[in-house]
Amino acid sequence: MKQTQTQKASWVRPLRTAAVAVTTAALIGSAFTGAAHADDFFQITPHVGTVSSGEIITVAGTGCATQPGDQEYGDGLYREVLLQVSVGDSTPVAYQAIPAADGSWSTEVTVPARYSIFVDVYASCVNYSGETGAAYTEIVMGPSANSVTLDKQTVAAGEQFTVEGAGCDVADPHVYVRVDASAGFETSQSARAVSTAVDGDWAVQTSADAWLVGTAYVNVACYSGTYEAGQAAWTYQPVAITVTGTAPKVSVSKTTVRLGESFTVSGDHCTIPDAEVIGSIEAYNAEGWEGFSAQPDANGQWVATLTPSTEWGLSAAGGVELVVLARCSAYSHGGDSQTYRSYPIVVVPYSLSVSSAPSKASVGQVANVQASIAGAGAGQSVSTQFLVNGKWSTSQSRTTDSKGAVSIPLTYGQGSVGTYTYRVVTGSKELTTVSGTYSITRTPTSVKVVSAPGAAKVGQSVSIRATVPGAGSGVKVSTQFLVNGKWSTSQSRTTDSKGAVSIPLTYGQGSVGKHTWRVVASYGGVTVASSSTTITRVPSEVKVVSAPSSAKVGKAVSAKLSLSGIGSGQSVSTQFLVKGKWSTSRSGKTDSKGTVSIPLTYGQGSVGKYTWRAVATVSGVTVTSRSVTITRTR
């Protein structure tokens, strides 16, 4: 059963005499009051397949069954379904359906004679008290079965080509052709042509302008009557075409300007009838913007003059990027409008460059970064910033000279070994121009030996302590020994947080002799060395080669002693233990083999046991023998 709502107005309560206005948001997912099961929800059965303009289709659904408590409001009717059907922005057409006892319902509707992507169907289940459920669905509209052909697949912008087709056999047939950036009639038009069809066959010549450079689409609709007065009976499948040429663009007279300095923005191809250019220039890093407009000439070309000012949200310090936006519009001509595809950037006001950025200097050495700002002149403040704990921190600031040049000392970290990252900046907090990042490595100037032994026994472990002025932790320090006339690295350690280090002297540890050594520190490819010094390794003990264990009172006896590795002239003494203390008795000097014979004279005239040892002081180090006992008898 199909019937318009106005035909039922005589018996429907006044509440229902007007079309039910329901928004999409309210319709989707809505269900009637009191639904007990999922099947009871008011819904529209999805439509299978596509539909075309003027086609009669059935719209059906479920969930509008009469419920206990429903009040009759005429002719035994307790509930009904009210529908609104439209395409695009066409005026909705109202329909009504009477539900069956199980709540199912259906009605025939006519697809409006106008092209769109979807047919919009709104439905609501109503009773005496009002709406109890609502639903919404979209039915896909299909293209006309008749095909469209082009005589060219690729055209230059503005070049004519022919569009042909058949099947437009409605009364007073007209074909509307539009070439656009997308398939369908939902976007702004670029070019259009209207032709009268004869016996359904038609041919139209048209073109695609420069706005459509790239891939464009030919959209065609069949009309009964003129385009301005009629509605499309159907549409054809859109056909793609390749358009070559140069797309319209915006250009600027300058890419770098200062506040108060004018520049021009210009464009072309604004050929829409009665069009004007509407544009704006906006700052990426500031809140300000400035609008402008221009009138195109007969050839579609236009120009506008702009002058950056603080009213744009800019600062005299500058360093902000500006983007130019422009649109060719004719709101008085059906709202046709095109946006320019390219947006050149203008930098205001200066270009900051670094001409010299030191990468290495020794601790304490003065180093300067050299920078310049094109066109700045004198008095522009420029600063260095160093990366400290992950954040940029300002170090030193200077102002430019008359040529826009500036020299800034790199003072952060100047007194410490290490690598420091820095950059150069100019401008205000809001509008800052920043250079690239650089690094400077501060290298050590010296390494100092704080303490070191001059001599040590063979096998004895000894170490030196050294410091690297200005260094913290992590600087490599090594000992080097002079071996066969060349410096050879022995042991390496790294400095602690105070720049200090302790390194063992291991070379020559196992043999008697003098060894020359030094300390070197390496960082950032630079090595510094201390002055050289020596360590003397002495025997670990005096050896008792032979000695009597007993002798008669008064008899002269001697002990033969030896110092390994020691030549002649080394003094060696005997010491006797007297009342718990060692007391020197006799001394002698070693021969060329390092041996010496010393008489044991203490206690020679008295019976008794006497404990003794040999002792020698070599290069300031005292070495002794083992303790030995001699017994004097009668």
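Residues numbered from 1 in each chain as written. Predicted model: local features only at pLDDT ≥ 70, side-chain atom pairs only at ≥ 80, totals over all residues. Heavy atoms only, no water.

Pairing is antiparallel in the open sheet, where three strands are placed in the order E25-E27-E30. The sheet is open, and its two edges are formed by strand E25 (352-356) and strand E30 (405-409), each paired on a single side. With direction set aside, neighbouring strand axes in the sheet form an average angle of 30°. Where strand E27 (residues 368-373) lies against E30, five bridges are found, and the strand directions are antiparallel. (Pairing = 2+ DSSP bridges. Helix = DSSP H or I, 4+ residues; strand = E, 2+ residues; numbered from the N terminus. Axes fitted to C-alpha atoms, helices over the stretch in contact; angles between N-to-C directions.)

Before going further, it helps to spend a moment on the pattern of salt bridges. All told, the structure shown has three salt bridges when counted by the stated rule. Asp70 is the salt-bridge partner of Arg79, the closest N and O atoms lying 2.6 Å from each other. Accessibility classification places Arg79 together with Asp70 in one group, the buried group. Between Lys152 and Glu159 there is a salt bridge, and its shortest N-O distance comes to 2.7 Å. (Salt bridge = Lys/Arg side-chain N within 4 Å of Asp/Glu carboxyl O. Buried < 20%, exposed > 50% of the residue type's maximum accessible area, 1.4 Å probe, protein only.)

Now for the confidence of the model for the protein. In the predicted model, the protein carries a mean pLDDT of 82, and 82% of its residues have values of at least 70. Long-range and interchain partners of residues 1-39, a stretch whose pLDDT sits below 50, account for 79 contacts in this model, where long-range means more than four residues apart. (pLDDT = per-residue confidence, 0-100. Contact = heavy atoms within 4.5 Å.)

The tally for this structure, following the rule as stated, stands at 10 aromatic pairs. Their ring planes at 40° and their centres at 4.8 Å tell us that Tyr122 and Tyr136 sit as a pair that is tilted. Here Tyr136 lies in strand E7 (residues 130-140) and Tyr122 lies in strand E6 (residues 118-127), a separation of 14 residues in the sequence. Note on accessibility: Tyr122 and Tyr136 belong to one class, buried. Chaining the aromatic ring pairs together yields one cluster made of Phe386, Tyr412, Tyr420, Tyr422 and Tyr438. (Phe/Tyr/Trp six-rings, centres within 6.5 Å; stacked < 30°, edge-to-face > 60°.)

Turning our eyes to something else, we now look at the nonpolar core. Nonpolar side chains in soluble globular proteins tend to be buried together. Formed by 24 residues in total, the largest nonpolar core has its most connected members in Val542, Leu561, Leu563, Val572 and Trp612. Listing elements by their share of this core, those giving two or more residues are strand E45 (558-562), strand E46 (571-578), strand E48 (595-599), strand E49 (608-618), strand E50 (621-624) and strand E51 (628-633). At five residues, E49 tops the list of elements feeding residues into this core. (Core = buried A, V, L, I, M, F, W, Y, C linked by side-chain atoms within 4.5 Å.)

Before going further, it helps to spend a moment on unusual backbone geometry. One non-glycine residue, His269, lies in the positive phi region at around 65°. When you line up the elements, His269 lands in the loop between strand E18 (263-267) and strand E19 (276-283). With relative accessibility at 29%, the residue His269 sits in the partly exposed group. Positive phi values are uncommon outside glycine, yet Lys579 reaches one of about 50°. Mapped onto the elements of the fold, Lys579 is located in the loop between E46 and strand E47 (581-589).

What follows concerns the state of the cysteines. Counted according to the given criterion, the structure contains three disulfides. Two residues, Cys168 and Cys222, share a disulfide whose sulfurs are 2.1 Å apart. Taking the sign of the S-S torsion, 80° for the link of Cys168 and Cys222, the bridge is right-handed. Taken together, the residues Cys168 in strand E10 (residues 160-168) and Cys222 in strand E14 (residues 214-224) connect sequence positions 54 residues apart. Neither residue differs from the other here; Cys168 and Cys222 are each classed as buried. Residue pairing for Cys270: its cysteine sulfur links by disulfide to Cys328, the two sulfurs lying 2.1 Å apart. Disulfide Cys270 to Cys328: torsion about the S-S bond roughly 85°, handedness right-handed. Of this pair, Cys270 sits in the loop between E18 and E19 while Cys328 is found in strand E22 (residues 320-330), placing the two residues 58 residues apart along the sequence. Across the pair, Cys328 and Cys270 agree in class, each one buried. (Disulfide = S-S within 2.5 Å.)

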